[in-house]
Amino acid sequence: MLLKGCTIEAQYHPKGAMSKGAAYAVVSHELGHALEGRIENLMKAAGVDTTEKRKKRYFISGRIRDKALSNLSLQNDPAIIKGALSGYANRDSAEFFAEAVSELLTSPSPRPLAAEVGKILERILKNDFSDLNII
């Protein structure tokens, strides 16, 4: 059962999220959360000291959110994020990242903000951590 107002039409979830069904939408969102942990492991394997970074909750997703918004000249404003991604993405940077990943994997044509997160993610998964501005 969906809560009142928690619909794609109300911009609570990413555009296209249900295009492959509810289960796929949920799994793709949760994959976004798992990817954040994977990125930290990649950083450790590449010799990046993540000790200080782990003290700040959602450090990696926060940096990805900030970089994607900056690259598109968008402000970190709830109304902007709701329109460009989803209302749920405003909960925190981890949900922002997970919602972007969900849109990337479910929408036949991801919008610019999700696409920008995808470009950043591609570089990170190739051990290019420059977008995180930590090295």
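What counts as what
Counting restarts for each chain, with residues numbered from 1 along the sequence as it is written. Per-residue local features are limited, in this predicted model, to residues with pLDDT of at least 70; the limit for side-chain atom pairs, both in listing and counting, is 80 or more; totals at the level of whole chains, interfaces and linings are taken over all residues. Computation of side-chain values: all heavy atoms of the structure, hydrogens and water removed. Secondary structure elements are taken from DSSP: a helix is a run of H or I of four residues or more, a strand is a run of E of two residues or more, and numbering for both begins at the N terminus. In this analysis, two residues are considered to be in contact whenever any of their non-hydrogen atoms come within 4.5 Å of each other. Residue burial considers only the protein chains on display, and all accessible areas are found by Shrake-Rupley using a 1.4 Å probe. The salt bridge definition used is simple: a Lys or Arg side-chain nitrogen within 4 Å of an Asp or Glu carboxyl oxygen. Angles shown run from 0 to 180 degrees and are taken between the N-to-C directions of axes, each axis being a line fitted to C-alpha atoms and, for helices, limited to the stretch in contact. Angles are sorted into four bins: roughly parallel if under 35 degrees, roughly antiparallel if over 145, roughly perpendicular if 65 to 115, and oblique for all others. Classification convention: Asp, Glu, Lys, Arg as charged; Ala, Val, Leu, Ile, Met, Phe, Trp, Tyr, Cys, Pro as nonpolar; all other residues, Gly among them, as polar. What we call a nonpolar core is a set of buried Ala, Val, Leu, Ile, Met, Phe, Trp, Tyr and Cys residues that are connected through their side-chain atoms within 4.5 Å. The buried label applies to any residue whose accessible area, calculated with a 1.4 Å probe on protein chains only, is under 20% of its type's maximum; exposed applies above 50%, and partly exposed to all values in between. Patches in this entry comprise residues that are over 30% relatively accessible and not in a salt bridge; like charges within 9 Å are linked, as are nonpolar side chains (Val, Leu, Ile, Met, Phe, Trp, Tyr) within 5 Å. In this scheme, a crossing is called left-handed if the near helix is turned counterclockwise away from the far one by less than a right angle; it is called right-handed if the turn is clockwise. pLDDT expresses, on a scale from 0 to 100, how confident the predictor is about each individual residue.

Colleague: Can you walk me through the overall build of the protein chain in this structure?
Modeller: Check the secondary structure of the protein chain and you find 6 helices and 0 strands. The order of helices and strands in the protein chain, counted from the N terminus, is α-α-α-α-α-α. In the protein chain, once contacts between residues fewer than 6 apart in sequence are set aside, the share between residues at least 24 apart is 66%. Total accessible area on the protein chain stands at roughly 7,500 Å², and carbon and sulfur atoms take up 54% of it.

Colleague: Would you take a moment to explain the pattern of salt bridges for this structure?
Modeller: Pairs can form between side chains of opposite charge once their charged atoms are near each other. Within this structure, the stated rule accounts for 5 salt bridges. The partner of Lys44 in a salt bridge is Glu40, and the shortest N-O contact between them spans 3.9 Å. Within this pair, Lys44 and its partner Glu40 are both found in helix α1 (residues 22-45), separated by 4 residues, close to a single helical turn.

Colleague: Help me out: how do you make sense of the packing of α1 against helix α3 (residues 59-71) in this one?
Modeller: Helices that pack against each other are described as a pair by the angle of their axes relative to one another and the distance between those axes. Orientation of α1 relative to α3, taken along the N-to-C sense of each, is 100°, at an axis distance of 9 Å. In terms of orientation, α1 and α3 fall into the roughly perpendicular class. Here Glu36, Ile39, Glu40 and Met43 of α1 lie close against α3, whose contacting residues are Phe59, Ile60, Ser61 and Ile64. Here the residues of the contact of α1 with α3 sort into 5 nonpolar, 1 polar and 2 charged.

Colleague: What's the story with the nonpolar core in this structure? I'm lost.
Modeller: The nonpolar side chains of a soluble globular protein tend to be buried, and buried together. Ile39, Met43, Ile64, Phe97 and Leu132 are the most contacted members of the largest nonpolar core, which has 27 residues in total. Listed by contribution, the elements that provide at least two residues to this core are α1, α3, α4 (78-84), α5 (93-106) and α6 (112-125). For this core, the element with the most residues is α6, which contributes 6 residues. Ignoring any residue separated from it by four or fewer positions in sequence, one finds Ile64 in contact with Ile39, Phe97, Val117, Ile120, Ile124 and Leu132.

Colleague: What exactly am I supposed to notice about a nonpolar patch on the surface here?
Modeller: Taken together, the side chains of Tyr24, Leu31 and Leu105 define a hydrophobic patch exposed on the protein surface, amounting to about 240 Å² of accessible area. Along the chain, the position of Leu105 falls in helix α5.

Colleague: Can you walk me through the packing of α3 against α6 in this structure?
Modeller: Interhelical geometry of α3 versus α6 gives an angle of 125° and a closest axis separation of 9 Å. With respect to α6, the axis of α3 lies oblique. Here α3 runs over α6; the crossing is right-handed. Contacts from Ile64, Lys67, Ala68, Leu69 and Asn71 in α3 reach Leu113, Glu116, Val117, Ile120, Arg123 and Ile124 in α6.

Colleague: Please explain the confidence of the model for the protein chain as it appears in this structure.
Modeller: Reading fine detail from the predicted coordinates is not recommended where pLDDT is low. In the predicted model, the protein chain carries a mean pLDDT of 84, and 79% of its residues have values of at least 70. Within the protein chain, the element-level pLDDT minimum falls on helix α2 (residues 51-54), averaging 68, and the maximum on α6, averaging 97. Here residues 1-8 scores under 50 on pLDDT; set against residues more than four positions off or in separate chains, the count is 12 contacts.

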